[in-house]
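Structure at a glance
Listed below are the residues making up each chain.
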Amino acid sequence: MGHIQDVSEFAVSLPNSPIGPHRTDLAPEVLGEIDFLTLHSYQDNNARKTINQDLTVPICNQNTENTLDYKSSDKVFRVHVEDENHISLLHELASTRQMDFWKPDSVTQIKPHSTVDFRVKAEDTVSVEDFLGQNGLRYEVLISNLRSMLEAQFDSRVRTTGHSYEKYNNWETIEAWTEQVATENPDLISRSAIGTTFLGNTIYLLKVGKPGSNKPAIFMDCGFHAREWISPAFCQWFVREAVRTYGREIHMTEFLDKLDFYVLPVVNIDGYIYTWTTNRMWRKTRSTNAGTTCTGTDLNRNFDAGWCSIGASNSPCAETYCGSAAESEKETKAVANFIRNHLSSIKAYLTIHSYSQMMLYPYSYAYKLPKNNVELNTLAKGAVKELATLHGTAYTYGPGASTIYPAAGGSDDWAYDQGIKYSFTFELRDKGRYGFVLPESQIQPTCEETMLAIKYVTSYVLEHLY
Ligand SMILES: [Zn+2]
């Protein structure tokens, strides 16, 4: 192979290397021949400089289905949909080329008078623009060069190569953090394992609160959808804030004295790892499906709540695949079993996603309204108002089906139907400027404002125990 002086000439995946995931162009015929590559210099994405130092890195096989090895640039479009005719045009477009839907999650969920965000491969962008133009569909290009946007997401000024609350951490780093934060705060945090993923990763849960008997609890999870990186970042931030402000800030002190938070930092660990090593835009789990090479199930379509009846797909190749049965995924089972076993204490269920700046409550699997609809509406209204006080970030709120789109098999609906009266899905920043590629510099403001909403809900729950 000889000496490689510039990693930018080659495609190497560095899943657990000190420089984080990194992939550039390398001829496929070379990739198959070597397992390791010694770099004499490499680009440090975070420090944005070339480091002259020997580094031996594993070469991963490239999977042609995947998309981190952009030869040129993918684009993300936003199309303004007015009527049914526009919807059929988008169906036509989607039937002839690969489209990665960012919002809504699939072509079947497009509604009149809405906007649709989707990514298309670089080689398709011209024909897509032609199609949209010829058919009079109003559109804008949200991201004209996804590749440079992906590089720009690592813009945190924090220099550490280890864990940082202001950076996106890979799973290895988050896993080590769960152990460390529990060890360092034994009076506030305990860590347990609630199951394993399809690929055998341990699903950790942090119980955050002062020890006590018969305490009520709030369950919060992050990282259902692999590419929504701001979500796990928030769960980590929340735990840090709990530890940092307990005993100093009256509200957090009261919360942790009176109740426990169960925080699940990453549900879809396999998918999350995959977004770091192979395909940044991956959404589903990494479980195999019988009779097809298509991989993964959408965990937020896999719960036993109107399962696969609407806004979900029976096709394992779809991004919204509901799985072979409700709770077919080990990750779903782990969450559902834990909640079922702790139903008497869990008073609220919070699940953190991105993007679109919304606070949603049941139902999503049907247009029916929950019994305490008025209460949930008032609570959501208050929470998003509180959130906006910090940076003016505007959230919309309401029942899932009518506010975003119908989608069956979601965890919030399931938790609600288990009897958890306060059940919310948060869709964090932004509204599409960066979408899933939210820069690290937005982690702090996003998490700080979200904390306000979570604390608002927590106060309310404490005052309305049942
Ligand atoms: Zn999501």
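Everything that follows concerns the structure shown earlier in this document.
Residues numbered from 1 in each chain as written. Predicted model: local features only at pLDDT ≥ 70, side-chain atom pairs only at ≥ 80, totals over all residues. Heavy atoms only, no water.

**Examining the coordination of the zinc ion**
To keep it simple, the criterion reads: Metal donors were taken as nitrogen, oxygen and sulfur atoms no farther than 2.8 Å from the ion, or 3.2 Å where the ion is Na, K or Ca. Water is excluded, so coordination may look unfinished. Note on geometry labels: four donors, all angles 85 to 135 degrees, give tetrahedral; four donors become square planar and six octahedral when opposite donors are over 155 degrees apart and every other angle is between 65 and 115; remaining cases are irregular. Only protein chains enter the accessibility calculation, which uses a 1.4 Å probe; a residue whose area is less than 20% of its type maximum is buried, one above 50% is exposed, and one in between is partly exposed.
Within the protein, the atoms that donate to the zinc ion are His225 (ND1), Glu228 (OE), Glu228 (OE) and His353 (ND1), at distances of 2.0 to 2.3 Å. Of note is the zinc ion, whose four donor atoms meet at the metal with angles of 58 to 151° in an arrangement that counts as irregular. Between the donor residues of the zinc ion, the gaps in sequence give the motif H-x2-E-x124-H. Here histidine 225 matches glutamate 228 in class, with each residue buried.

**Side note on unusual backbone geometry**
As a reminder, the rule being used: Every helix listed is a DSSP run of H or I at least four residues long, and every strand listed is a run of E at least two residues long, numbered separately from the N terminus.
Across the junction of serine 354 and tyrosine 355, the peptide omega takes the value 0°, indicating a cis bond. By the element assignment, tyrosine 355 lies in the loop between strand S11 (346-354) and strand S12 (358-361). Put simply, proline 362 and tyrosine 363 share a cis peptide bond, and its omega is 0°. Following the sequence through the fold, tyrosine 363 ends up in the loop between S12 and helix H10 (373-391). Phi is positive for cysteine 308, which is not a glycine, with a value near 60°. Within the secondary structure, cysteine 308 sits in the loop between helix H8 (269-277) and helix H9 (330-341).

**Section: helix H2 (residues 84-96)**
To keep it simple, the criterion reads: Here, expected helix span is obtained from the residue count minus one, scaled by 1.5 Å. It is the directions from the helix axis to the C-beta atoms that the arc portrays. It only takes one pair of heavy atoms within 4.5 Å for two residues to be counted as in contact.
Its 13 residues give H2 an end-to-end C-alpha distance of 19 Å, which sits within 8% of 18 Å, the value for a rise of 1.5 Å per residue. Of all the residues in H2, the buried ones are His86, Ile87, Leu89, Leu90 and Leu93. One face of H2 carries all of its buried residues, which in axial projection span an arc of 160°. More than 90 degrees from the buried face of H2, the exposed residues found are Glu84, Ser95 and Thr96. Contact partners of the buried residues in H2: strand S3 (75-81), strand S4 (99-103), strand S5 (114-120) and helix H3 (125-134).

**Details of the packing of helix H7 (residues 250-258) against helix H13 (residues 443-463)**
As a reminder of what qualifies: A fitted line through C-alpha atoms serves as each axis, taken over the contacting stretch for helices, and the angle formed by two N-to-C directions is quoted from 0 to 180°. By definition in this entry, angles of less than 35 degrees are roughly parallel, angles greater than 145 are roughly antiparallel, angles of 65 to 115 are roughly perpendicular, and the rest are oblique. Each crossing gets its handedness from the near helix: less than a right angle anticlockwise from the far helix is left-handed, clockwise is right-handed.
In contact at an axis separation of 11 Å, H7 and H13 are set at 50° when each is read in the N-to-C sense. Considered as vectors, H7 and H13 are oriented oblique to each other. Of the two elements, H7 crosses H13, and the hand of that crossing is left-handed. Across from His251, Met252, Phe255 and Lys258 in H7, the residues of H13 making contact are Met451, Lys455, Thr458, Ser459 and Leu462.

**Quick notes on the sheet that holds strand S6 (residues 139-143)**
Stated formally: Two strands are counted as paired when DSSP detects at least two bridges linking them.
In space, the four strands of this open sheet follow the order S4-S5-S3-S6, with antiparallel pairing throughout. Looking at the sheet topology across the chains shown, the edges are occupied by S4 and S6. Each adjacent strand pair in this sheet contributes to an overall mean axis angle of 30°, direction not counted. Looking at chain direction, S3 and S6 are connected through four bridges and run antiparallel.

**Remarks on the pattern of salt bridges**
Heads up, the rule is: By salt bridge we mean one thing: a side-chain nitrogen of Lys or Arg within 4 Å of a carboxyl oxygen of Asp or Glu.
Applying the stated rule across the entire model yields 18 salt bridges. The salt bridge partner of arginine 244 is glutamate 241, with a shortest N-O separation of 2.9 Å. Of this pair, arginine 244 and glutamate 241 both sit in helix H6 (residues 230-245), separated by three residues, roughly a single helical turn. Lysine 258 is the partner of glutamate 254 in a salt bridge, and the nearest nitrogen-oxygen pair spans 2.7 Å.

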